Amino acid sequence: MEQRQFLLSQKDIPTAWYNIVADLGEAPPPPLHPATRQPAGPDDLAPIFPMALIEQEMCTEKWVKIPEEVLDVLSIWRPTPLFRATRWEKMLGTPAKIFYKWEGVSPVGSHKPNTAVAQAYYNKREGVKRIATETGAGQWGSALSMACCFFGLEATVYMVRISYDQKPYRKFVMQTYGATIYPSPSEHTNFGRKVLEKDPNCPGSLGIAISEALEDATSSPDVKYSLGSVLNHVLLHQTVIGQEAVKQMEMAGCLPDVVIGCVGGGSNYAGLAFPFMPYKLDGKKDIRFIAVEPVACPTLTKGRYEYDFGDTAQMTPLLKMHTLGADFIPPPIHAGGLRYHGMAPLVSLLVDKGLMEARAYQQLDIFEAAISFARAEGIISAPESAHAIKAAMDEALAAKEEGKERVILFNHSGHGLLDLAAYDAYLSGRLQKV
Ligand SMILES: *Cc1c(COP(=O)(O)O)cnc(C)c1O
């Protein structure tokens, strides 16, 4: 029997986050103030984020210590397992070895609590009473609701309307943790009302929901805002994934030739990929890094690399990133977590420098891959994660074509047990191509 499981114990949970900025040898382009277009300083961000997170956003130190209180919560589900998909390898008839890091074991079923817990902790420590945020498919809202509940904070979640209607179960998850949910665009904010006036049937977008959450957060000093992806501090918190995976690949006795992940705002992929990047930067191994996105929201493959707003109302600082434009509203694909017009500035920078490549797939193709994976490995994957699965499958089939070994590692960002309506649509032939 081939070894499938590469497991760590509680003492192996990383005790510091890894900051790739320290290894890049140059500072990433700074965020710009929305009015002056000058580099935004800590004071500009203070109304929306606690100071500890602003410091992490601008941090250039290589390691940032993880507080005990955060580690204590992470230890509910971390370290997460790394598996080799031996049954899927056989099904595909590939000489490749396929490994996946399984983040679906967190209580809410995705990688997102890795940062939600840290963010809730720092907000609590600085006296914040309530956090307002947005959510697409509901994964981030669920993670933040749980984290707020653990640290005694209230949570208000603006949920993109298309997901609110398509995926009502995530709403119940958030409510179970005590959060308040509004479908976005909502009647609850000035911006939401403005959007609804123009288009009463607006399906919503992450950009709109972010504007609503920001408006809510800036309405009172003891309310802050929280973002589940894109920003440097979010990517930083996710590096526990890759640090564990580096150890687990050592246990497996091989380094990956290719490291894959799906990208919405880029956080789960950065979390896995960044701790492997030093191998490439130091010339130890020329690992290929592949970020995978939907054809319906092709931020890295079709977007421009320029300064843009993070939200539709143009309230956020400008970030230098790949973007489809802050007013872009993607088609209502099921991978709600990948429907964002922008991309993490750090992921954008690495793509621009040629250290990472990007690929886009269509909705029907990613479900075909997810079903192949489910029938071999049993796991029903989130539609977002299915993008990584499709890329892993293509890499495995390319290895088969070439008759060569290849070590493939992908981040499996979450399970799809609350996305079964999407599977139903696919299996009954009702799913749209893009
Ligand atoms: C939110 C989400 C994503 C996309 O967000 P990133 O910040 O790009 O990681 C991917 N997979 C799952 C399961 C998600 O919930």
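In this convention, every chain numbers its residues from 1, walking through the sequence in written order. In keeping with the model being predicted, local features are shown solely for residues with a pLDDT of at least 70 and side-chain atom pairs are shown and tallied solely at 80 or more, while totals for entire chains, interfaces and linings include all residues. Calculation of side-chain values draws on the structure's entire complement of heavy atoms; hydrogens and water are dropped beforehand.

Draft legend 1. Fine view of the site of the ligand. Consider each residue's heavy atoms; a residue with any of them within 4 Å of a molecule or strand counts as near. What surrounds the ligand is a group of 19 residues, the closest being Lys-112, Ser-229, Gly-264, Ser-267 and Asn-268. Distance and chemistry together define a polar contact, namely a pair of N or O atoms within 3.5 Å, with one atom able to donate a hydrogen and the other to accept it when in protein, and with adjacent residues in sequence counting only for side-chain atoms on both sides. At a separation of 2.6 Å, an oxygen atom of the ligand approaches a polar side-chain atom of Lys-112. Here an oxygen atom of the ligand and a side-chain polar atom of Ser-267 are 2.7 Å apart. Each helix corresponds to a stretch of at least 4 residues labelled H or I by DSSP, and each strand to a stretch of at least 2 residues labelled E; elements are numbered beginning at the N terminus. Elements represented by at least two residues in the shell around the ligand include exactly helix 13 (267-273) and helix 18 (383-402). Taken together, the residues of the shell around the ligand break down into four nonpolar, 13 polar and two charged. Per-domain counts for the shell around the ligand show at least three residues from each of domain 1 (5-12 + 78-110 + 239-427) and domain 2 (16-66 + 112-233). Polar here means any residue other than Ala, Val, Leu, Ile, Met, Phe, Trp, Tyr, Cys and Pro, which are nonpolar, and Asp, Glu, Lys and Arg, which are charged; Gly is therefore polar. Boundaries between domains were set according to an automatic or database domain assignment.

Draft legend 2. Representation of the packing of helix 10 (residues 190-198) against helix 11 (residues 206-217) within the structure. Axes, fitted as lines to C-alpha atoms, cover a helix only where it is in contact. Angles between the N-to-C directions of the axes lie from 0 to 180 degrees. Helix 11 packs onto helix 10 with a crossing angle of 145 degrees between their chain directions and a minimal axis gap of 8 Å. Counting all contacts with helix 10, which are made through Asn-190, Phe-191, Gly-192 and Val-195, the residues of helix 11 involved are Ile-208, Ser-211, Glu-212 and Glu-215. Its residues placed into classes, the contact of helix 10 with helix 11 shows three nonpolar, three polar and two charged. The contact criterion used throughout is that any non-hydrogen atoms of two residues lie within 4.5 Å.

Draft legend 3. Layout of the side chain of Ser-163. For Ser-163, the location among the structural elements is in helix 8 (residues 161-166). Within the structure, Ser-163 has its side chain in polar contact with the backbone oxygen of Gly-136 (distance 3.0 Å). Sequence-distant contacts of Ser-163, that is, excluding residues within four places in its chain, are made with Gly-136, Ala-137 and Pro-168.

Draft legend 4. The sheet that holds strand 1 (residues 5-6), seen in detail. Paired strands, in this sense, are two strands between which DSSP finds at least two bridges. With respect to topology, seven strands assemble into an open sheet ordered 1-4-5-15-10-11-14, the strand pairing being mixed. On the outer flanks of this sheet lie strand 1 and strand 14 (357-361), each paired with one strand and no other. Inspection of the sheet shows strand 4 (residues 82-84) paired to strand 5 (residues 97-102) by three bridges, in the antiparallel sense. Following the sheet pairing, Leu-82 is matched in strand 5 by Lys-101.

Draft legend 5. Summary view of the pairing of strand 6 (residues 130-135). Here's how the labels work: a residue is buried when its accessible area is under 20% of the maximum for its type, exposed when over 50%, partly exposed in between, all with a 1.4 Å probe on protein chains only. Burial of strand 6 is extensive: six of the six residues sit out of reach of the surface. Residues Arg-130, Ala-132 and Glu-134 of strand 6 are buried on one face, and the alternating residues Ile-131, Thr-133 and Thr-135, pointing to the opposite face, are buried as well. Judged from the six bridges that link them, strand 6 and strand 7 (residues 154-160) form a sheet pairing that is parallel. In the strand pairing of strand 7, Ile-131 is matched with Ala-155. Pairing between strand 6 and strand 9 (residues 223-225): three bridges, direction parallel.

Draft legend 6. Quick peek at the environment of Thr-15. Position of Thr-15 relative to the elements: it lies in the loop between strand 1 and strand 2 (16-18). The exposed category is assigned to Thr-15, whose relative accessible area is 52%. Aside from chain neighbours lying at most four places away, what touches Thr-15 is Val-64, Lys-65, Ile-66 and Leu-71.

Draft legend 7. Expanded view of the packing of aromatic side chains. Aromatic pairs are defined between Phe, Tyr and Trp rings, using the six-membered ring for Trp, whenever the two ring centres lie within 6.5 Å; interplanar angles under 30 degrees are classed as stacked, those over 60 as edge-to-face, and all others as tilted. Counted by the stated rule, this structure contains 15 aromatic pairs. Considering the side-chain rings of Tyr-169 and Phe-172, the 5.7 Å spacing of their centres and the 90 degrees angle between planes classify their relative orientation as edge-to-face. Of this pair, Tyr-169 and Phe-172 both sit in helix 9 (residues 168-176), separated by three residues, roughly a single helical turn. By relative accessible area, Tyr-169 is classed as exposed at 55%. Phe-172 gets classed as partly exposed once you look at its relative accessible area, which sits at 38%. Aromatic ring contacts, followed pair by pair, group Phe-83, Trp-88, Tyr-100, Phe-373 and Phe-410 into a single cluster. Lying over the aromatic face of Tyr-164, Lys-171 brings its terminal NZ or CZ to 4.2 Å of the ring centre. Here, over-ring charges are defined by two tests on the NZ atom of lysine or the CZ atom of arginine: distance to the ring centre within 6 Å, and angle to the ring normal within 35 degrees.

Draft legend 8. Structural view of the sheet that holds strand 6. Pairing in this open sheet of four strands is parallel, and the strands run 8-7-6-9 from one edge to the other. The open sheet terminates on both sides in strands that have one partner only, identified here as strand 8 (180-184) and strand 9. Each adjacent strand pair in this sheet contributes to an overall mean axis angle of 25 degrees, direction not counted. Strand contacts of helix 7 (residues 139-150): strand 6 and strand 7, with the helix running at about 165 degrees to strand 6, the strand carrying the most contacts.

Note that every value here comes from positions in space, so none of it alone points to a role or purpose.
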